[in-house]
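Given next are the chains, with one letter for each unit.
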Amino acid sequence: MRKISFLMAFLIAGYVLGIWNFLVLPKYYITFGLKGFLISLLPMLVAMFLIYSEAESTKKTRYLIYELFFKIARTPALIFSLLMFLMIMLGVTTYYSSYGLALIFGMGSRYIPILALGTILLSVLMLILAKGRTLEFISVVSILFVLFALASAFLIRNQALSMVTAPQAVQYMKGAVSSITSFDLSLTTRGVLFMVVSVFVSLGLGAGVYYVLGSFTPEELNLRKVLAAVFVLQIILSFAAAFTVAYSLGAAYQAYGEAFQNPNIPADESMKLFMKFNDLKDYATNSDKSPMDSIEVFYSIPAVLRDNVPNDTTLIALLMLSLYLAGLTTIIILIEMGSQMLSEVMQLGRNPSLGFVGILGMIVAGAMVVGDIRTMFVVVPFSVAALMAAVESYPLLSSELTHNKAVVSAVMLLLFVSGLATLYYSLTAPKMPVKIGAVLGLVLLVPVLMNGMLLKARR
């Protein structure tokens, strides 16, 4: 049983600890300091409560997710909304993971769809070959990611401390690093709201994954202990990612300064570095900037470091490979869980359902090479993730389940209010692709309106 507990902890950790721990959460750890961290514990605990409750509902009843939704909750339509959200999250995660891989090899953005295609094909192939040992396989990949991420954070810190020598760069780096452990930074309402939603997104709520995990979890497994271990890992790796970004910012500052002093670098190239550094500086200081804008900024770090600091190739490879492995573990789990959900709904075999989920993920990831489409898909999780999490938790109110209904109702209310607030910001944004993305997020909820029709059809 210790082996199963260990593997389940890393399976869940592999799903939870994904690209958002690198792209979004470090921003709030740097701009809000320990105040922000303490506030982030609240949505993190709320999410852990939902994760536990959802997994326990299928673990105790031994129902599969669609059986639970249809026979107990009487809400079969919910699974279609969760599946569509899962497909979008799969495509977005694949695109940004592949983006990191492209930067390692110095490839342009036009090659990202090819890398995304390869990543999903690799994931599907590994899942097919794993067969009955999927749990062990995914857990091993997750363990490798955790070890690599911690090692990368340590090595990047050492590299930055040895190479950042310019007084202004040292001062800037120390400021970014010390802000993570500071209690003196101010909070903003908008920034805190974005941080709360980012936590829900990073923990993977809204895609139905935890119901599926619970359906094959051994009855004797203590999920509380497993989730406690995941909770600690989430905190450790989030701080590791935040320090990784902070030290990278220091190195980026020095690279920008040296570029301006180098007569061999054309003025237009220096100006590009200046603009990228300004974006990075804004990332580390402007808490009100939306998470959607911050995602792209993270990828400015390799552009600033390349050919401008010693050991630039090593730094870029460490940072981006950590990001890629974080995405890969999530991608594998999304494909596996999505295929299990699809096979239940459509009565497909495992391999066809794996292929179908993989193809849809490829389509979303490939389409994201177009800027406006990319914005549209990225907006979806940050505009409706809290609403999707509320929808996902609705079956927990069923009278046949033993969860505390008052607590579940309070959590759903918190999610609903947070979701409406972020949806409002997206719908009132000046950019049309952001508005369209928010509308697309609402479209994911349309199947819920057809629940009565599905119940009648099944009769």
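Predicted model only: the values in this text are computed from it and were never measured. (Residues numbered from 1 in each chain as written. Predicted model: local features only at pLDDT ≥ 70, side-chain atom pairs only at ≥ 80, totals over all residues. Heavy atoms only, no water.)

Student: I tried to follow the overall build of the chain on my own but got confused; where do I start?
Tutor: Summing up its helical and strand segments, the chain has 20 helices and zero strands in all. Taking 459 residues into account, the globule formula puts the C-alpha radius of gyration at 23 Å, and the chain, at 22 Å, falls close to it. Here the C-alpha coordinates of the chain stretch approximately 75 × 45 × 45 Å along the principal axes. Counting every position in the chain, which comprises 459 residues, the buried fraction comes to 60%. Contacts spanning at least 24 positions in sequence make up 85% of the contacts within the chain whose residues lie at least 6 apart. Of the roughly 18,000 Å² that the chain leaves accessible, carbon and sulfur atoms contribute 66%. Of the side chains in the chain, 30 bear a positive and 22 a negative charge, and the two mean positions are spaced by 6 Å. (Helix = DSSP H or I, 4+ residues; strand = E, 2+ residues; numbered from the N terminus. Rg over C-alpha atoms; globule rule 2.2 N^0.38 Å. Buried < 20%, exposed > 50% of the residue type's maximum accessible area, 1.4 Å probe, protein only. Contact = heavy atoms within 4.5 Å. Areas by Shrake-Rupley, 256 points an atom, 1.4 Å probe, with all protein chains shown as cover. Lys, Arg positive; Asp, Glu negative; His and termini not counted. Charge placed at Lys NZ, Arg CZ, Asp CG, Glu CD.)

Student: Looking at this structure, I do not really get the pattern of salt bridges. What am I missing?
Tutor: For the structure on display, the rule yields six salt bridges. Here Glu296 makes a salt bridge to Arg374, at a shortest N to O gap of 3.1 Å. Here Glu296, found in helix α13 (residues 291-298), pairs with Arg374, found in helix α17 (residues 371-393); they are 78 residues apart in sequence, far enough to count as distant. Looking at Glu296, the relative accessible area reads 28%, which means it is partly exposed. Each of Glu56, Lys59 and Lys60 takes part in one network of salt bridges that share partners. (Salt bridge = Lys/Arg side-chain N within 4 Å of Asp/Glu carboxyl O.)

Student: Whenever I open this one, helix α19 (residues 432-443) confuses me. Can you help?
Tutor: Helical geometry: 3.6 residues make up each α-helical turn, so side chains three or four residues apart lie on a common side. An ideal rise of 1.5 Å per residue puts 16 Å on 12 residues; α19 measures up with 17 Å between its terminal C-alpha atoms. When α19 is considered as a whole, its buried residues turn out to be Pro433, Val434, Gly437, Ala438 and Gly441. For α19, the angular spread of buried residues about the axis comes to 145 degrees, placing them on one side. Contacts from the buried residues of α19 go to α17 and α18 (405-427). (Expected span 1.5 Å × (residues − 1). Arc of directions from axis to C-beta.)

Student: Got a minute to help me understand empty space enclosed by the protein in this structure?
Tutor: With a probe scaled to a water molecule rolled over the atoms, the places where space remains empty come into view. All told, the structure shown has two cavities of 30 Å³ or more when counted by the stated rule. Lining the largest cavity are 15 residues, with Trp20, Met89, Val201, Gly204 and Thr330 positioned closest to its centre. Of all the secondary structure elements, the ones that give two or more residues to the lining of the largest cavity are α1 (2-16), α5 (78-104), α9 (189-202) and α15 (312-346). The leading source of residues in the lining of the largest cavity is α5, at three residues. Together, Phe22, Ala149, Ala153, Leu237, Ala240, Ala241 and Thr244 line the second largest cavity. Residue contributions to the lining of the second largest cavity peak at four residues, all from helix α11 (residues 223-261). Looking at side-chain class alone, the lining of the second largest cavity contains six nonpolar, one polar and no charged residues. (1 Å grid on protein atoms, 1.4 Å probe; cavity = no way out; pocket = protein on both sides within 12 Å on 5 of 7 lines; lining within 4 Å. Points joined across faces, edges and corners; volume = space filled by probe spheres on them. Nonpolar A, V, L, I, M, F, W, Y, C, P; charged D, E, K, R; others polar.)

Student: What exactly am I supposed to notice about the packing of α17 against α18 here?
Tutor: Packed helix pairs are specified by the crossing angle of their axes together with the interaxial distance, meaning the distance between the axes. At their nearest, the axes of α17 and α18 sit 8 Å apart, and the two run at 160 degrees to each other. Regarding the angle of α17 to α18, the classification is roughly antiparallel. Regarding α17 and α18, the two cross each other, and that crossing is left-handed. For the pair α17 and α18, the contacting residues are Val379, Phe382, Ser383, Val384, Ala386, Leu387, Ala389, Ala390 and Ser393 in the first and Val408, Met412, Leu415, Phe416, Ser418, Gly419, Leu420, Thr422, Leu423 and Ser426 in the second. Taken together, the residues of the contact of α17 with α18 break down into 13 nonpolar, six polar and no charged. (Axes fitted to C-alpha atoms, helices over the stretch in contact; angles between N-to-C directions. Parallel < 35°, antiparallel > 145°, perpendicular 65-115°, else oblique. Left-handed = near helix turned anticlockwise from the far one by under 90°.)

Student: What's the story with a nonpolar patch on the surface in this structure? I'm lost.
Tutor: Together, Leu427, Val439, Leu442, Val443, Val446, Leu449, Met450 and Met453 line one region of the surface with nonpolar side chains, adding up to about 710 Å² of accessible area. Structurally, Val443 can be placed in helix α19. (Patch = residues over 30% accessible without salt bridge, like charges linked within 9 Å, V, L, I, M, F, W, Y side chains within 5 Å.)

Student: Explain the side chain of Ser418 here, please?
Tutor: With respect to the helices and strands, Ser418 occurs in helix α18. Among the residues examined, Ser418 registers a relative accessible area of 8% and is labelled buried.

Student: Hey, could you run me through the packing of aromatic side chains in this one?
Tutor: Centre-to-centre distance and the angle between the planes together describe a pair of aromatic rings. Counting across every chain of the model gives 14 aromatic pairs. Three or more aromatic residues joined by ring pairs make a cluster, and in this case those are Tyr95, Tyr96, Tyr99, Phe298 and Tyr299. When the ring centre of Tyr283 is taken as origin, the NZ or CZ atom of Lys27, which lies over that ring, is 5.6 Å away. The residue whose ring lies beneath Arg190 is Tyr425, and the NZ or CZ to ring-centre distance is 4.5 Å. (Phe/Tyr/Trp six-rings, centres within 6.5 Å; stacked < 30°, edge-to-face > 60°. Lys NZ or Arg CZ within 6 Å of the ring centre and 35° of its normal.)

Student: How do you make sense of the packing of α5 against α17 when you look at a structure like this?
Tutor: Put simply, α5 and α17 touch, their axes get as near as 10 Å, and they point 140 degrees apart. Regarding the angle of α5 to α17, the classification is oblique. Here α5 and α17 pass one another in a crossing that is left-handed. Facing α5, whose interface residues are Leu78, Ser81, Leu82, Phe85, Ile88, Met89, Val92, Tyr95 and Tyr96, α17 presents Arg374, Phe377, Val378, Val380, Pro381, Val384, Ala385, Met388, Val391 and Glu392. A per-class count over the contact of α5 with α17 returns 16 nonpolar, one polar and two charged.

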